[in-house]
Amino acid sequence: MKAIQIAYDEHFEKKCRFASEVGFKYIAVNFHDMPKTDDSDFDNALIEIPIILKNYNLEAVQTHLYCYHPYLSSENIDKKIDHRIMREIEVSGKIGAKWCVWHPRYYVTGGYNDKKTIEISVERISEYLKQAKHFNTGIAIENLHSDMCCADYKELARLFDCFDQENIGICYDFGHAHLKGFDQVEAIKFLGERIKCTHIHNNFGHNTDYHHPPDIGKIEWEPIMKALKEIGYAGPYTLETHCLYPDDDIMLKDFADHNFKCLEYLQRLMNK
């Protein structure tokens, strides 16, 4: 499944149309960048998104939930934000998305505390998992980068392994992994079946999370794609790339077309 992430904003329908026109059948819906988040906006999303998906013959395979600032200590919970996340999970399930991607956080008040990090993360994820199960979707925790929580894939696996539920997975982010600098083939094989969805983008490994298309940066894709094939990965190949010219329709469509061709290339690499 070749997919591209699209922010649910005022340009959502136009971007969906362009994605469909260049060949995409699947998308991820980015709720993190949703500009208005009152309950009425989520009620409207429940009506609008399915209509748009149907009009352009698209299917939502995953979403991106709102994420707290990665350096905000994890015990800090904003009730309004958490309500927003719960509504995003609800909408995700009702539009048919199988996975909702979420960013974990460290407990750092008074210094890093490993035990507290795990305890609070498990508590928060458990609440999201209950909501996800109710709406027939799942929570996929994402590997971040630099010194953020779960930037290390073994740490991410340790958090994942605290659960014994079918609706939890890992969203493997290739660009973040490249910034962290570990061996991605080794990481993919280690995580194995825990990986349920992906974020595909590229960068130059210089501490900047550019979210370039796959062909702009220094990631060596061929061994990575073959590793995914080796572990039997069957989830979506989802681009999380950023267009630098979002207000220009020609550039937006060309951007979508270029990204689709990049995914076709990555899939060819898998079978070389």
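Counting restarts for each chain, with residues numbered from 1 along the sequence as it is written. At least 70 in pLDDT is required for a residue's local features to be given in this predicted model, at least 80 for side-chain atom pairs to be given and counted, and no such filter applies to totals for whole chains, interfaces and linings, which use all residues. Excluded from the side-chain calculations are hydrogens and water; all other atoms, namely the structure's heavy atoms, are used.

J.: Which residues make up the overall build of the protein, and what values go with them?
T.: Only DSSP runs of H or I with at least four residues qualify as helices, and only runs of E with at least two residues qualify as strands; both kinds are numbered from the N terminus onward. Secondary structure summary: the protein contains nine helices and eight strands in total. Every radius of gyration here is taken over C-alpha atoms, with the globule rule written as 2.2 Å times N^0.38, N being the number of residues. Relative to the globule expectation of 19 Å for 272 residues, the C-alpha radius of gyration of the protein, 18 Å, shows essentially globular dimensions. With the C-alpha coordinates of the protein rotated into their principal frame, the extents come out at 50 × 45 × 30 Å. Of the contacts made within the protein by residues no fewer than 6 positions apart, 76% connect residues no fewer than 24 positions apart. Treating the 32 positive side-chain charges of the protein as one cloud and the 43 negative ones as another, the clouds have centres 3 Å apart. Pairs of residues are marked as contacts when any of their non-hydrogen atoms sit within 4.5 Å. Note that His is not counted, nor are the chain ends; the positive residues are Lys and Arg, and the negative ones are Asp and Glu. To locate a charge, take atom NZ for lysine, CZ for arginine, CG for aspartate or CD for glutamate.

J.: With reference to specific residues and values, describe the pattern of salt bridges.
T.: The term salt bridge refers to a pairing of a side-chain nitrogen on Lys or Arg with a carboxyl oxygen on Asp or Glu at a separation within 4 Å. Counted under the stated rule, the structure contains 17 salt bridges. K253 is the partner of E21 in a salt bridge, and the nearest nitrogen-oxygen pair spans 2.9 Å. Separated by 232 residues along the polypeptide, E21 in helix α1 (residues 12-22) and K253 in helix α9 (residues 249-270) bring together distant segments of the chain. The classification of residues rests on relative accessible area computed with a 1.4 Å probe and restricted to protein chains. Under 20% of the type maximum is buried, over 50% is exposed, and intermediate values are partly exposed. Taking relative accessible area as the criterion, E21 reaches 44% and is therefore assigned partly exposed. Through salt bridges that share partners, D39, D43, R87, E90 and K94 make up one connected network.

J.: Please give an account of the packing of aromatic side chains that cites residues and values.
T.: A pair of aromatic rings is counted whenever rings of Phe, Tyr or Trp (Trp by its six-membered ring) have centres within 6.5 Å, and the orientation is called stacked for planes under 30 degrees apart, edge-to-face for over 60 and tilted otherwise. Evaluation of the coordinates by the stated rule reveals ten aromatic pairs. Each ring, one from W102 and one from Y128, has its centre 5.7 Å from the other, and the planes form 65 degrees; the classification is edge-to-face. Residue W102 is found in strand β4 (residues 99-102), and its partner Y128 is found in helix α4 (residues 114-134); the two are separated by 26 residues along the sequence. Of the residues examined, Y128 reaches a relative accessible area of 1% and is grouped as buried. Taken together through their ring pairs, the aromatic side chains of Y8, F12 and F31 make up a single cluster. Here, a charge over a ring means that NZ of Lys or CZ of Arg falls within 6 Å of the ring centre while also lying within 35 degrees of the ring normal. A cation over an aromatic ring shows up here: R105 above the ring of Y68, its NZ or CZ 4.0 Å from the ring centre. Across the ring face of F190, the terminal group of K154 is positioned such that the distance to the ring centre comes to 5.7 Å.

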